[in-house]
Amino acid sequence: MEAFLVSTGVVALGEMGDKTQLLAIVLAATFRRPIPIILGIFVATLVNHAAAGAVGGWVAHALGPDILRWVIGLSFLAMAGWILVPDKIDEEDAAATRRFGVFGTTVIAFFMAEMGDKTQIATVALAARFPEIVQVVMGTTLGMMLANVPAVFLGDKIAKKVSMQLVHGIAAVIFAILGLLTLFNVGQLF
C-alpha cells in the first residue's frame, strides 16, 4: 500500500504545472469535450507508466541492491531539483494533432508529452524503489488523473488560485526526502 500511496502523492504534486497539465488545459480549451480528453489522458498515462514501471522493475533486477540504492537515491535528488523548473507547452504541437479526433489527439499528445517527462522518470525510479510495480503504476496513473482531470474542467481558474511555486516546492521536498531515505537505506525496502 505504501508504494501506491507514495506514487500517487508524488506524481500528483509533481504534475502540478507540468507540461502535460498545461496540455490538458490546451486540449480542454480547444475541444471543449472533457470526457474524451479524460479518457485519452487515462489511456496514455496507463500505457506510458506501465512501460516506465517495467523499465524500473528491470533496472531493480539488473543492478545489485547497493548500486540500485545509489542510482535511485541520486535520481530522487535530481528530481527534487528538476521539479523546481516549470514546464511550458508549445500550443502548435497540440493543434497539429487535431486530425485524430479528441480522444486520439489526447492519447497521442499525452503519450508523447510524457516521454522523458518528470512523471515518467519518477515512475521508473518509484518502480525501481518499490517491488510492487503494479501498485506504483496504479498510483502514478491515479496521481496523473488527480492533477489533470481538474485541469480539464477548471483549467485557468485553478492556475490562478494555486501557487505552482509552492506546489513544486512541496513536491521537491518530498523527492529530496525519498532520495535521502534511499541513500541512507532507511526502511525495509531493499
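Everything numeric here is computed off the predicted structure, so don't read it as measured data.

At a closest axis distance of 8 Å, the pairing of helix α3 (residues 34-62) and helix α6 (residues 101-114) adopts a crossing angle of 35 degrees. For α3 against α6, the interelement crossing comes out right-handed. Each of Pro36, Ile37, Leu39, Gly40, Ile41, Val43, Ala44, Val47, Asn48 and His49 in α3 lies in contact with α6, whose residues at this interface are Val102, Phe103, Thr106, Val107, Phe110, Phe111 and Glu114. Taken together, the residues of the contact of α3 with α6 sort by class into twelve nonpolar, four polar and one charged.

Two measures define how a pair of helices packs: the angle their axes make with one another and the distance between the axes. Running from N to C, helix α1 (residues 2-15) and helix α8 (residues 133-154) point in directions that differ by 30 degrees, and their axes come no closer than 7 Å. By the angle between their directions, the pair α1 and α8 is classed as roughly parallel. Read as a crossing pair, α1 and α8 show a hand that is right-handed. Listed contacts from α8 to Glu2, Ala3, Phe4, Ser7, Thr8, Val11, Ala12 and Glu15 of α1 are Gln135, Val136, Met138, Gly139, Thr140, Leu142, Gly143, Met144, Leu146, Ala147 and Asn148. Along the lines of polarity and charge, the residues of the contact of α1 with α8 split into ten nonpolar, seven polar and two charged.

Definitions and cut-offs
Residues numbered from 1 in each chain as written. Predicted model: local features only at pLDDT ≥ 70, side-chain atom pairs only at ≥ 80, totals over all residues. Heavy atoms only, no water. Axes fitted to C-alpha atoms, helices over the stretch in contact; angles between N-to-C directions. Helix = DSSP H or I, 4+ residues; strand = E, 2+ residues; numbered from the N terminus. Left-handed = near helix turned anticlockwise from the far one by under 90°. Contact = heavy atoms within 4.5 Å. Nonpolar A, V, L, I, M, F, W, Y, C, P; charged D, E, K, R; others polar. Parallel < 35°, antiparallel > 145°, perpendicular 65-115°, else oblique.

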